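Close look at the chain arrangement
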Amino acid sequence: MTTTWLERRRSRIDDIAGGRSLGAEALRRLRREPAAIAGGIIIGLFVVVAALAPLIAPHSATEAFPQLQENLRPGQIPGPQEGFPLGSDQLGRDFFSRMLLASQQTLLVGVLATLIGLAVGLVIGTIAGALGGWVDTVLMRVTDVLLAIPSLLLAISVAALAASPSQTSVIIAVSIVSVPIFARLLRGSMLSQRHSDHVVAATALGVKRPAVVLRHMLPNAIGPVIVQATLTLATAILDAAALSFLGLGDADPGRAEWGLMLAQAQTYLDVRPALAFYPAIAIILVALGFTLLGESLREAIDPKGRR
């Protein structure tokens, strides 16, 4: 009985000292990190607003209202009034509703671009890290060329190749920018897994290479890539807004999108600077939220940072 009690006691001590899983330990550290909490709150609010925008927006994003248009002048744009908390835009449309509905476009473009870039990057990184040799060399040299080009310049170049500007071309352009980042990061993680004990043991037991890669190497190497995806979301949102601002986004001028709204407001900065102020602040806050959470998550899963 004494031995059993001692064994249980030692087991509890081991659990307390270092028995937490990586996920549980990372979650514990995130709960204590103010930056992670702030980032989570910002992202949570953004996702809720984007998901419920059609329900909570009081008006249509494209409809012009007579009570707003009657006060439009060459040097005057109506400000906040009853029923229109943020006033009018340059065409007499409800600016508050447009801000809410534009969050959907921002979330859609950011998430889709990141997912596409992540999927393609995973394929390239897995092939390069698993096969090595000349395949690795060729793929990584192409990746190096893409990484050598500034991300925004690369996105502009890709978007400019489209026959006509559209939301699809923006998503493709932004996703291509993130592919080399994910590919190189995963390839490095895969290489570090090659000589790990579980991979060596599986190989010694005669497990085929595809099974070793998919069951042993990839699951243990993908963690940093997922964390990077959170940071890439911030970059994707900024790049997508920049493309729309430069006129390489959706060709429909009536679409509610923060980057496009920011571009349209440049002509009216002297008349009503709030038309540029609100979209700019929204873009900055959302990008900041993903950056704070991504950086905190990266530190939380880093074993060197554990206390």
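Residues numbered from 1 in each chain as written. Predicted model: local features only at pLDDT ≥ 70, side-chain atom pairs only at ≥ 80, totals over all residues. Heavy atoms only, no water.

1. Thoughts on the side chain of S189
Mapping S189 onto the fold places it in helix α8 (residues 167-193). With relative accessibility at 12%, the residue S189 sits in the buried group. When near neighbours in sequence (up to four residues on either side) are disregarded, S189 contacts A221 and P224. (Helix = DSSP H or I, 4+ residues; strand = E, 2+ residues; numbered from the N terminus. Buried < 20%, exposed > 50% of the residue type's maximum accessible area, 1.4 Å probe, protein only. Contact = heavy atoms within 4.5 Å.)

2. Describing the packing of aromatic side chains
A complete count under the given rule lists 4 aromatic pairs for this structure. Ring centres of F46 and W258 lie 6.0 Å apart, and the angle between their planes is 40°; this geometry places the pair in the tilted category. Remark: W258 occurs in helix α12 (residues 258-264) and F46 occurs in helix α3 (residues 34-56); sequence separation between them is 212 residues. For the residue pair F46 and W258, the accessibility class agrees, reading buried in each case. Judged by centre distance (6.2 Å) and plane angle (50°), the rings of F95 and Y278 are tilted. Taken together, the positions of F95 in helix α5 (residues 95-131) and Y278 in helix α13 (residues 274-301) put the pair 183 residues apart, joining distant regions of the chain. Judged by relative accessible area, F95 falls into the buried class, the value being 3%. Members of the aromatic cluster, connected to one another through ring pairs, are F95, F277 and Y278. (Phe/Tyr/Trp six-rings, centres within 6.5 Å; stacked < 30°, edge-to-face > 60°.)

3. Quick word on the environment of Q104
Checked against the element boundaries, Q104 lands in helix α5. Residue classification places Q104 among the partly exposed positions, given a relative accessible area of 29%. Along the backbone, Q104 and L52 are 52 residues apart, and their C-alpha atoms lie at a distance of 9.0 Å. What Q104 contacts, discounting residues up to four positions off in sequence, is A50, A51, A53 and P54.

4. Here's the deal with the environment of A202
Note on placement: A202 falls in helix α9 (residues 197-204). It is 6.7 Å that separates the C-alpha atoms of A202 and V212, two residues lying 10 residues apart in sequence. Residue contacts for A202: discarding those within four places in its chain leaves V207, V212 and H216.

5. Concerning the pattern of salt bridges
Tallying each qualifying case throughout the model produces 6 salt bridges. With a closest N to O distance of 2.8 Å, R187 and D136 form a salt bridge. Of this pair, R187 sits in helix α8 while D136 is found in helix α6 (residues 133-148), placing the two residues 51 residues apart along the sequence. The closest approach of N and O atoms between D144 and R141, which form a salt bridge, is 2.9 Å. In this pair, D144 and R141 both sit in helix α6, 3 residues apart, roughly one turn of the helix. (Salt bridge = Lys/Arg side-chain N within 4 Å of Asp/Glu carboxyl O.)

6. Notes on the nonpolar core
With 28 residues, the main nonpolar core has F95, M99, L101, W258, M261, V286 and F290 as its most contacted residues. Where this core is concerned, the elements lending two or more residues are α3, α5, α11 (223-245), α12 and α13. Among the elements that line this core, the one with the most residues is α13, at 7 residues. Apart from the residues within four sequence positions on either side, L101 is in contact with A53, P54, A57, H59, A61 and A256. (Core = buried A, V, L, I, M, F, W, Y, C linked by side-chain atoms within 4.5 Å.)

7. Notes on α6
Compared with the 22 Å implied by 1.5 Å per residue over 16 residues, the 22 Å span of α6 between its first and last C-alpha is a close match. By the burial criterion, the buried members of α6 are V135, D136, M140 and T143. All buried residues of α6 lie within an arc of 110° about the axis, which places them on one face of the element. In α6, those exposed residues whose orientation departs by more than 90 degrees from the buried face are W134, V145 and A148. Tucked into the core, α6 has its buried residues touching α5 and α8. (Expected span 1.5 Å × (residues − 1). Arc of directions from axis to C-beta.)

8. Examining the confidence of the model for the chain
Residues with a pLDDT of 70 or more make up 90% of the chain, whose mean pLDDT is 81. The lowest-confidence element of the chain is helix α1 (residues 2-18), averaging 44 in pLDDT; the highest-confidence one is α3, averaging 90. Low pLDDT, under 50, characterises residues 1-19; the predicted model gives this stretch 2 contacts beyond four residues in sequence or across chains. (pLDDT = per-residue confidence, 0-100.)

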